[in-house]
Amino acid sequence: MSESETASRQKVALITGGSQGIGFGVARLLRAEGWRVHVTLRQEGKQAELEEALGAGSVRVGDLTSPEDAGRIVREVVDAEGRLDAVVHSVGPYLTAPLTETTPAMFESMFQGNLMTAVHVADAAREHIRASAGAYVFFGCSGLERWRARTVTTAYISAKAALLVFMRGLALQEAPHGVRANMISPGFVPHDGAAPDTLSLELQAKIPQGRPAKMAEVAGTARWLISEESGHMIGQNLEVAGGWML
Ligand SMILES: NC(=O)c1ccc[n+]([C@@H]2O[C@H](COP(=O)([O-])OP(=O)(O)OC[C@H]3O[C@@H](n4cnc5c(N)ncnc54)[C@H](OP(=O)(O)O)[C@@H]3O)[C@@H](O)[C@H]2O)c1
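Residue positions are given per chain, counting from 1 as you read along its sequence in written order. For a predicted model such as this one, the threshold for reporting local features is a pLDDT of at least 70, and the threshold for listing and counting side-chain atom pairs is 80 or more; totals across whole chains, interfaces and linings nevertheless cover every residue. The basis for every side-chain value is the complete set of heavy atoms in the structure, and neither hydrogens nor water enter the calculation.

Caption draft 1: Inspection of the overall build of the protein chain at higher detail. Along the protein chain, the regular secondary structure elements total nine helices and seven strands. The quantity called the radius of gyration is restricted to C-alpha atoms. Its globule counterpart is 2.2 Å times the number of residues to the power 0.38. Relative to the compact-globule value of 18 Å for 246 residues, the protein chain shows a C-alpha radius of gyration of 17 Å, a close match. Burial classification: accessible surface area is computed with a 1.4 Å probe over protein chains only, and a residue below 20% of its type maximum counts as buried, one above 50% as exposed, and the rest as partly exposed. Going through the 246 residues of the protein chain one by one, you find that 48% of them count as buried. Total accessible area on the protein chain stands at roughly 11800 Å², and carbon and sulfur atoms take up 53% of it. Taking the 23 positively charged and 27 negatively charged side chains of the protein chain as two groups, their mean positions are separated by 5 Å. Helix and strand definitions here come from DSSP, where helices need a minimum of 4 consecutive H or I residues and strands a minimum of 2 consecutive E residues; each element is numbered from the N-terminal end. What sets the accessible areas is the Shrake-Rupley method with a 1.4 Å probe; for residues, cover comes only from the shown protein chains. His is not counted, nor are the chain ends, whereas Lys and Arg count as positive and Asp and Glu as negative. For charged residues, the charge sits on one atom: NZ in Lys, CZ in Arg, CG in Asp, CD in Glu.

Caption draft 2: How the structure looks around the nonpolar core. Grouping buried Ala, Val, Leu, Ile, Met, Phe, Trp, Tyr and Cys residues that are joined through side-chain atoms within 4.5 Å yields what is termed a nonpolar core. The biggest cluster of nonpolar side chains holds 34 residues, and the ones touching the most others in it are Leu84, Tyr136 and Phe138. Looking at this core, the elements with two or more residues in it are strand S1 (12-16), helix H4 (67-81), helix H5 (104-131), strand S5 (135-139), helix H6 (154-174) and strand S6 (180-186). A total of 10 residues in this core trace back to one element, the largest contributor, which is H6. Contact between two residues is taken to exist if any of their heavy atoms lie within 4.5 Å; hydrogens are not considered. Beyond its immediate chain neighbours, meaning those up to four positions away, leucine 84 contacts Val12, Ala13, Leu14, Val74, Val77, Val78, Ala125, His128, Ile129 and Ser132. Grouped together as the second largest cluster of nonpolar side chains are 30 residues, Leu50, Leu54, Val88 and Met233 included.

Caption draft 3: Representation of the site of the ligand in the model. Here a residue is considered near a molecule or strand provided that any single heavy atom belonging to it is located within 4 Å of it. Inspection of the region around the ligand gives 24 residues, with Ser19, Gln20, Arg42, Val189 and His191 positioned closest. As used in this structure description, the phrase polar contact means that two N or O atoms lie within 3.5 Å; if the pair is within protein, one of them must be able to donate a hydrogen and the other to accept it, and residues adjacent in sequence are counted only when both atoms belong to side chains. Measuring from an oxygen atom of the ligand, one finds a side-chain N or O atom of histidine 191 at 2.8 Å. Coverage of the ligand by the protein amounts to 86% of the 890 Å² it exposes when considered alone. Put simply, the parts of the chain that give the shell around the ligand at least two residues each are helix H2 (21-32) and H6.

Caption draft 4: A look at the side chain of asparagine 114. Of note, asparagine 114 is situated in helix H5. Polar contacts involving the side chain of asparagine 114 include one to the side chain of lysine 160, which spans 2.8 Å. Those residues in contact with asparagine 114, other than ones at most four positions away along the chain, are Gly92, Pro93, Tyr156, Ala159, Lys160 and Leu163.

Caption draft 5: Quick peek at the pattern of salt bridges. Here a salt bridge means any side-chain nitrogen of Lys or Arg lying within 4 Å of a carboxyl oxygen belonging to Asp or Glu. Under the criterion given, the structure shown has 12 salt bridges. One salt bridge in this structure joins aspartate 69 and arginine 72, with 3.7 Å as the shortest N-O distance. With aspartate 69 and arginine 72 both in helix H4 and three residues apart, the pair spans about one turn of that helix. With a closest N to O distance of 3.8 Å, arginine 126 and glutamate 174 form a salt bridge. In this pair, arginine 126 sits in helix H5 while glutamate 174 sits in helix H6, placing the two residues 48 residues apart along the sequence. The class of glutamate 174 is buried, set by a relative accessible area of 1%. When salt bridges that share partners are traced, they join Arg60, Asp69, Arg72 and Glu76 into one network.

Okay, structure coming up:
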């Protein structure tokens, strides 16, 4: 089989926010398993380093709060690969601040970063993911569906709750097209550049399982959710949290 025939049979994933953290972990795992991966970031600084790890032409630059950037990035991937099989949407900014110090602009930015980026990417990817009967994975956060009040993360959790409802609507809408959408809700997944709360040993000590998640546990769940093994699951939110917020 020629190199171009091999490439045309490989599945293609767009991993938004894959320049670091969970998205990068998912991208590395999928690439190691033969997927062609494309990651996004907002600033070009890390492009060369990322392409070394993930392959030439695997990095797309843009701000996904912009529907134009989301559309352009999806077009670039499909132009380069001829198909798109999975979107793993790892963009999702975090904010911790008491409500009294959380301004309307901060709420707006949480909804833009967590909800609207997902809306723009799903809109841009729709026809291509339908064509491949592919899958979407989004990221929530642990405890989301127990609707607990939070003292310092209300804006972030509000935006994740909206994302959960969006993910379920998308799952229902796309099911007749053979497309699936699901969510992973992590507790703590430490990595370079993670938020200070994620790296806090004091908080990690309170996780019932006694440790934070390993990157492989979260990335492996994403890989499973875009595989045929989870083919009858739609609209689900899987917690990978070691009992945090249980
Ligand atoms: N890590 C955890 O413990 C944890 C826990 C619960 C939930 N989660 C959720 O899991 C997901 C991944 O978490 P993470 O810790 O890996 O996140 P992260 O370290 O903050 O990485 C987020 C990525 O998104 C990119 N990004 C941010 N805003 C963007 C935008 N507007 N347009 C395009 N790219 C943008 C960032 O790249 P640039 O800044 O370079 O553009 C970065 O690559 C998020 O949804 C997060 O809320 C994580």
